[in-house]
Amino acid sequence: MNAKLENALYAPLGWLFHAIALLPLRVLYVVSDVLRWVACDVLRYRRPLVEQNIAASFPELTAKEQRKIVRGFYKNFTDVFIETIKLLHISDKEMRRRMVFEGCEQIDALVKKGIPVGVFCSHFCNWEWITSIVLYAYVDEKVKYSQIYRPLRNKWFDRFYLSLRSRFHTDSIAKNAVLRELITVRKAGAAFVTGFISDQKPSHNDGLHSIRFLNQDTPFITGSELLLRKFHAAAFYADVERVKRGYYRIKIIHITDDVSLTEEYAVTDRYGSLLETSIRRQPEAWLWSHNRWRRPHK
């Protein structure tokens, strides 16, 4: 579609999002509750897949307990959508109140020495707010904060989400450009702190390594580890927990100071183990609508 035509067609949606974002979150959560009902019970958005994924991951739970996780997932799903839109109009002070990071000093100590850092993240709780780490971390012109993303097919939505993800002045790097961009950062004499959301289904040229994850043999993305290995980067895990609705605590967990000194796939294995611990603590908070295991569904 022509870019000018696309902008004209989607402009009213942009205005609507800006108007919605002006509302306080207590009001927006009422909107989220309505959206949850529509997504879960009316449209049944990917519901058979969500139910299958949860049943296979928690076979020890009763059907009633599994259904509770399913409904909790849709609540988390629409909350994340609403909270992401809120990035259009939220202050740094409010974000610091709602998104509390612990352990950032571990990263600070390394980047002050010029050591690059990779932070393993996931589609857990609110992954879009995690760019607010810069409100807690050491900020300097010699430290570049960024996150890796997969471009959306819809160009308008891609630009819209990129603008939201740059709210805290971090860079979004397309998956196919990450090596080139990080090399540029290092050549400029800067360290990087880059977030990798590595819990998705691996691409066709990845996924050669599997982990026993949530009771299933699960191929994991290994490209993140391979990339960090090339840069002799340190690795951490962002362990996110919802304290209550709209409030999160993120603990920065150390994995290694130099990925290149670890055994092959050791960092990926550790990430998988830490992620499973997070999911088992709050199972409704993970993005179960991913076709993670490529199973046919009803």
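Residues numbered from 1 in each chain as written. Predicted model: local features only at pLDDT ≥ 70, side-chain atom pairs only at ≥ 80, totals over all residues. Heavy atoms only, no water.

Digging into the overall build of the protein chain
Then, in step 1: The number of helices and strands found in the protein chain is ten helices and nine strands.
Then, in step 2: Its C-alpha atoms give the protein chain a radius of gyration of 19 Å, near enough to 19 Å, the size a compact globule of 298 residues would have.
Then, in step 3: In terms of overall dimensions, the protein chain has C-alpha extents of about 50 × 45 × 40 Å along its principal axes.
Then, in step 4: Counting across all 298 residues of the protein chain, residues that qualify as buried make up 50%.
Then, in step 5: In the protein chain, 79% of the contacts between residues at least 6 apart in sequence involve partners at least 24 apart.
Then, in step 6: Of the roughly 14,700 Å² of accessible surface on the protein chain, a fraction of 57% belongs to carbon and sulfur atoms.
Then, in step 7: Distance from the positive charge centre (46 side chains) to the negative charge centre (32 side chains) of the protein chain: 5 Å. (Helix = DSSP H or I, 4+ residues; strand = E, 2+ residues; numbered from the N terminus. Rg over C-alpha atoms; globule rule 2.2 N^0.38 Å. Buried < 20%, exposed > 50% of the residue type's maximum accessible area, 1.4 Å probe, protein only. Contact = heavy atoms within 4.5 Å. Areas by Shrake-Rupley, 256 points an atom, 1.4 Å probe, with all protein chains shown as cover. Lys, Arg positive; Asp, Glu negative; His and termini not counted. Charge placed at Lys NZ, Arg CZ, Asp CG, Glu CD.)

Examining the pairing of strand β7 (residues 216-220)
Then, in step 1: Here β7 shows a clear split, with Gln216, Thr218 and Phe220 buried on one side and none of Asp217 and Pro219 buried on the other.
Then, in step 2: Taking the residues that link successive antiparallel strands as the turn, the strand β6 (residues 209-213)-β7 hairpin has two residues, and the phi of Leu214 there is positive, at about 55 degrees. (Pairing = 2+ DSSP bridges.)

Considering the nonpolar core
Then, in step 1: Ile107, Val117, Phe213, Ile252, Ile279, Trp286 and Trp288 are the most contacted members of the largest nonpolar core, which has 86 residues in total.
Then, in step 2: With seven residues, the single largest contributor to this core is helix α4 (residues 63-85).
Then, in step 3: Those residues in contact with Ile279 that sit more than four places away from it in its chain are Phe58, Phe124, Phe213, Leu214, Trp286 and Trp288. (Core = buried A, V, L, I, M, F, W, Y, C linked by side-chain atoms within 4.5 Å.)

Quick word on the pattern of salt bridges
It is possible for side chains of opposite charge to pair when their charged atoms get near one another.
Then, in step 1: Per the stated rule, a full pass over the model turns up 15 salt bridges.
Then, in step 2: Residue Glu60 pairs with Arg280 through a salt bridge whose shortest N-O separation is 3.7 Å. Of the two residues, Glu60 sits in the loop between α3 (47-57) and α4 while Arg280 sits in helix α10 (residues 266-281), which places them 220 residues apart along the sequence.
Then, in step 3: Arg249 is the partner of Glu241 in a salt bridge, and the nearest nitrogen-oxygen pair spans 3.4 Å.
Then, in step 4: On the basis of relative accessibility, which here comes to 23%, the residue Glu241 falls in the partly exposed class. (Salt bridge = Lys/Arg side-chain N within 4 Å of Asp/Glu carboxyl O.)

A few points about the packing of helix α2 (residues 25-42) against α4
Then, in step 1: Look at α2 against α4: their axes get within 8 Å of each other, and the N-to-C directions meet at 130 degrees. Viewed along their axes, α2 and α4 adopt a mutual orientation that is oblique. Pair α2 / α4 crosses with right-handed handedness. For the pair formed by α2 and α4, the contact residues are Leu25, Leu28, Tyr29, Val31, Ser32, Leu35, Arg36, Ala39, Cys40 and Asp41 on the first element and Arg71, Tyr74, Lys75, Thr78, Asp79, Phe81, Ile82 and Glu83 on the second.
Then, in step 2: Split into classes, the residues belonging to the contact of α2 with α4 amount to ten nonpolar, two polar and six charged. (Axes fitted to C-alpha atoms, helices over the stretch in contact; angles between N-to-C directions. Parallel < 35°, antiparallel > 145°, perpendicular 65-115°, else oblique. Left-handed = near helix turned anticlockwise from the far one by under 90°. Nonpolar A, V, L, I, M, F, W, Y, C, P; charged D, E, K, R; others polar.)

Quick notes on unusual backbone geometry
Then, in step 1: Here the phi dihedral of Arg46 falls at roughly 50 degrees; this positive angle occurs in a residue that is not glycine.
Then, in step 2: Arg46 sits in the partly exposed class, given a relative accessible area of 42%.
Then, in step 3: The phi dihedral of Leu214 is positive, around 55 degrees, even though this residue is not glycine.

Some thoughts on the environment of Tyr136
Then, in step 1: If you trace the backbone, Tyr136 turns up in the loop between β2 (117-121) and β3 (143-149).
Then, in step 2: In this structure, the C-alpha to C-alpha distance between Tyr136 and Val100, residues 36 residues apart in sequence, is 8.3 Å.
Then, in step 3: Sequence-distant contacts of Tyr136, that is, excluding residues within four places in its chain, are made with Arg96, Met99, Val100, Phe101, Cys104 and Asp108.

Description of the sheet that holds strand β4 (residues 171-174)
Then, in step 1: Spatial ordering of the open sheet is given by β1-β9-β8-β2-β5-β3-β4, a layout of seven strands whose pairing is mixed. Sheet topology places β1 (99-102) and β4 at the edges, where each strand pairs with a single neighbour. Strand-to-strand twist in this sheet, taken as the mean axis angle between neighbours without regard to direction, amounts to 30 degrees.
Then, in step 2: Of the pairings in the sheet, the one linking β2 to strand β5 (residues 191-197) comprises five bridges and is parallel in character. Paired with Val117 across the strands is Val193, a residue of β5.
Then, in step 3: Against the sheet, helix α8 (residues 178-187) touches β3, β4 and β5, its axis set at about 160 degrees to β5.

A closer look at the packing of aromatic side chains
Then, in step 1: The tally for this structure, following the rule as stated, stands at 22 aromatic pairs.
Then, in step 2: Considering the side-chain rings of Phe73 and Phe77, the 5.6 Å spacing of their centres and the 35 degrees angle between planes classify their relative orientation as tilted. Here Phe73 pairs with Phe77, and both are found in helix α4, just four residues apart, close to one helical turn.
Then, in step 3: The structure contains a cluster of three or more aromatic residues connected by ring pairs, namely Phe58, Phe120, Phe196, Phe213, Phe220, Tyr237, Tyr271, Trp286, Trp288 and Trp293.
Then, in step 4: Sitting over the ring of Tyr136, Arg96 keeps its end group 4.3 Å from the ring centre.
Then, in step 5: Taking NZ or CZ as reference, Lys112 lies 4.9 Å from the ring centre of Tyr138, over its face. (Phe/Tyr/Trp six-rings, centres within 6.5 Å; stacked < 30°, edge-to-face > 60°. Lys NZ or Arg CZ within 6 Å of the ring centre and 35° of its normal.)

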